[in-house]
Amino acid sequence: MTDLPQELRLVTAIPGPKSQALAARKAAAVADGVGTTLSVYAAAAGGGVVVDVDGNSLIDLGSGIAVTTVGNSAPRVVDAVTAQVAAFTHTCFMVTPYDGYVEVAEALNRLTPGDHEKRTALFNSGAEAVENAVKIARAHTKRQAVVAFDHAYHGRTNLTMALTAKSMPYKSGFGPFAPETYRVPASYPYRDGGVSGPEAARTAIDLIEKQVGAGNLAAVIIEPIQGEGGFVEPAPGFLPALVAWCRENGVVFIADEVQTGFARTGDLFACDHEGIVPDLIVTAKGIAGGLPLSAVTGTAEIMNAAHVGGLGGTYGGNPLACAAALAAIETIEADGLVARAREIGELALGRLRKAQESDPRIGDVRGRGGMVAVELVKDAAGTPDPELTKQVAAAAHLRGVIVLTCGTYGNVLRLLPPLSISDELLTTGLEVLESVLAETRA
Ligand SMILES: *Cc1c(COP(=O)(O)O)cnc(C)c1O
């Protein structure tokens, strides 16, 4: 909703009685494997707030995991989807196609890094798009192996579980995993002793050459800033060195920009920061203002390697999702959300770095644009403190601020505010986070 008062307002305890009643019904009806961060049931959302069924107005610093980048129920998205839902809801693009799909493909070909000839295919979820990027890379190279990185997150389907690094909760007990996937070290400036980007790339490439062999390798897949793994931004030069090696060796370089894409990092795509041009780029989350849509976009020659009928899916590029994506892209461009993400980053990083000066438990404050992280540690050696992280997030939730955690060690607070949040509301949210941090200090 667009006219929601932009305020932090708590009228019950968190969660309130109506949310608690719904939580009891959830426990009796929904599989336990589907967890929730806060047991607060949403009734409306927009701008920078989520209003719950008890009438509490919470500050949204999560965007439903980097999805509602243009805001929840953003006006253009609402209008476009409303018009589309009245026209037709589904025909299946593989049966009788429609212009929205083509228009989204044209937009992605225009906006993604590089001005070479591109093609796009649409899917439903990030994981599904990652799977398809690997299919395409294999069809193009006629090779099988795929390399992913430490701390990587690529989804919850079988192949993407294999590519994902962290066992609990994503993989544990769900094997066997897809074969021909390999893992190499990433660049993690806070934890790898400041190894330079090119040096870290050399280590990864050495392992690939010795243990996989370039001739067997279809693709290298990486998040330009790792998301679930802890908002890890590689040292400068790491990604360009990997891209260069992939080019020299006929390996498809896949950028997984499911979390970092669409203005989130203060560039339209995180690859733009160092000017790298991936062969294939995978997008989802922020692409369609909250509707499920994902895409693989890349070099025409590679994208066209899969035979006719080899790519698709019943719902891929659903007309409602395409209408939403076009409206979201228009919103990003018309409202200057790339620049807005940078402002949000400056505001948040500035405050949090100030807090870090007097709090040794804040090991690292990092991020770009609207993707900001605080890594909490126990000591100067950087021992991760997942307990404190959980405690801070839970206390922030009780105070009405939706904040998420992430990281291989579970010790990273992550902020992904909708770019429609006001400075005032963001500041209030950060003040709550800072006071919660202060209160947890013995
Ligand atoms: C969320 C995410 C995925 C998976 O997307 P789903 O839509 O949940 O399948 C893949 N890669 C990255 C980097 C992500 O953040």
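A brief report on the enclosed structure follows. (Residues numbered from 1 in each chain as written. Predicted model: local features only at pLDDT ≥ 70, side-chain atom pairs only at ≥ 80, totals over all residues. Heavy atoms only, no water.)

1. Quick word on the overall build of the chain
1) Next: Helix and strand counts for the chain stand at 13 helices and 15 strands.
2) Next: Since a compact globule built from 442 residues should have a radius of gyration of about 22 Å, the 21 Å found for the chain is in line with a globular shape.
3) Next: Principal-axis analysis of the C-alpha atoms places the extent of the chain at approximately 60 × 60 × 45 Å.
4) Next: Across the 442 residues of the chain, 54% fall into the buried class.
5) Next: Partitioning the contacts of the chain with sequence separation of at least 6, the portion at a separation of at least 24 is 74%. (Helix = DSSP H or I, 4+ residues; strand = E, 2+ residues; numbered from the N terminus. Rg over C-alpha atoms; globule rule 2.2 N^0.38 Å. Buried < 20%, exposed > 50% of the residue type's maximum accessible area, 1.4 Å probe, protein only. Contact = heavy atoms within 4.5 Å.)

2. Brief notes about the pairing of strand β8 (residues 252–256)
1) Next: Of all 5 residues in β8, 5 are buried; the element is thus mostly enclosed.
2) Next: Side chains V252, I254 and D256 project from β8 onto one buried face, and the interleaved F253 and A255 project onto a second face that is buried too.
3) Next: As paired elements, strand β7 (residues 217–222) and β8 share 4 bridges and run parallel to each other. Looking across to β8, one finds that I221 is bridged to I254.
4) Next: Note on the crossover from β7 through helix α8 (residues 238–248) to β8: the handedness is right-handed.
5) Next: When β8 meets strand β9 (residues 280–283), the two strands line up parallel, connected through 3 bridges. By the bridge assignment for β9, I254 is matched with L280. (Pairing = 2+ DSSP bridges. Right-handed = clockwise from strand over helix to strand, strands pointing away.)

3. Structural notes on α8
Given 3.6 residues per helical turn, the α-helix brings residues three or four places apart onto the same face.
1) Next: For α8, every residue scored as buried is listed here: F238, L239, L242, V243, W245 and C246. Projected down its long axis, α8 carries its buried residues within an arc of 165 degrees, all on one side.
2) Next: Buried positions along α8 lie against β5 (145–149), α7 (197–211), β7 and β8.
3) Next: Trailing α8 by a residue or two, G250 shows a phi angle of about 65 degrees, which is positive. (Arc of directions from axis to C-beta.)

4. Topic: the sheet that holds strand β12 (residues 371–376)
1) Next: Here 4 strands make up an open sheet; going across it, the order is β11-β12-β15-β14 and the pairing antiparallel. Single-partner strands in this sheet number two, and they are β11 (362–368) and β14 (404–406). Taking the axes of each pair of neighbouring strands and ignoring which way they run, one obtains an average angle of 25 degrees across the sheet.
2) Next: Strand direction decides the pairing type here: β14 and strand β15 (residues 412–415), joined by 3 bridges, are antiparallel. When the bridges of β15 are listed, L404 appears paired with R414.
3) Next: Running over the sheet, helix α12 (residues 386–398) touches β12, β14 and β15 and is turned about 35 degrees from β15. (Axes fitted to C-alpha atoms, helices over the stretch in contact; angles between N-to-C directions.)

5. Describing the pairing of β5
1) Next: Of all 5 residues in β5, 5 are buried, a share of seventy percent or more.
2) Next: Side-chain alternation along β5 places A145, V147 and F149 on one buried face and V146 and A148 on a second face that is also buried.
3) Next: With 3 bridges connecting them, β5 and β7 associate as parallel partners. When the bridges of β7 are listed, V147 appears paired with V220.

6. Focus: the site of the ligand
1) Next: In the region of the ligand, the neighbouring residues are S125, G126, A127, Y153, H154, G155, E223, D256, V258, Q259 and K285.
2) Next: Note that an oxygen atom of the ligand is positioned 2.8 Å from one of the backbone N or O atoms of G126.
3) Next: Between a nitrogen atom of the ligand and a main-chain N or O atom of Y153, the distance comes to 3.4 Å.
4) Next: Relative to its unbound accessible surface of 390 Å², the ligand loses 83% to contact with the protein.
5) Next: Grouping the amino acids of the shell around the ligand by side-chain chemistry returns 3 nonpolar, 5 polar and 3 charged. (Near = heavy atom within 4 Å. Polar contact = N/O pair within 3.5 Å; in protein donor to acceptor, adjacent residues only side chain to side chain. Areas by Shrake-Rupley, 256 points an atom, 1.4 Å probe, with all protein chains shown as cover. Nonpolar A, V, L, I, M, F, W, Y, C, P; charged D, E, K, R; others polar.)

Keep in mind these values describe shape, not function.
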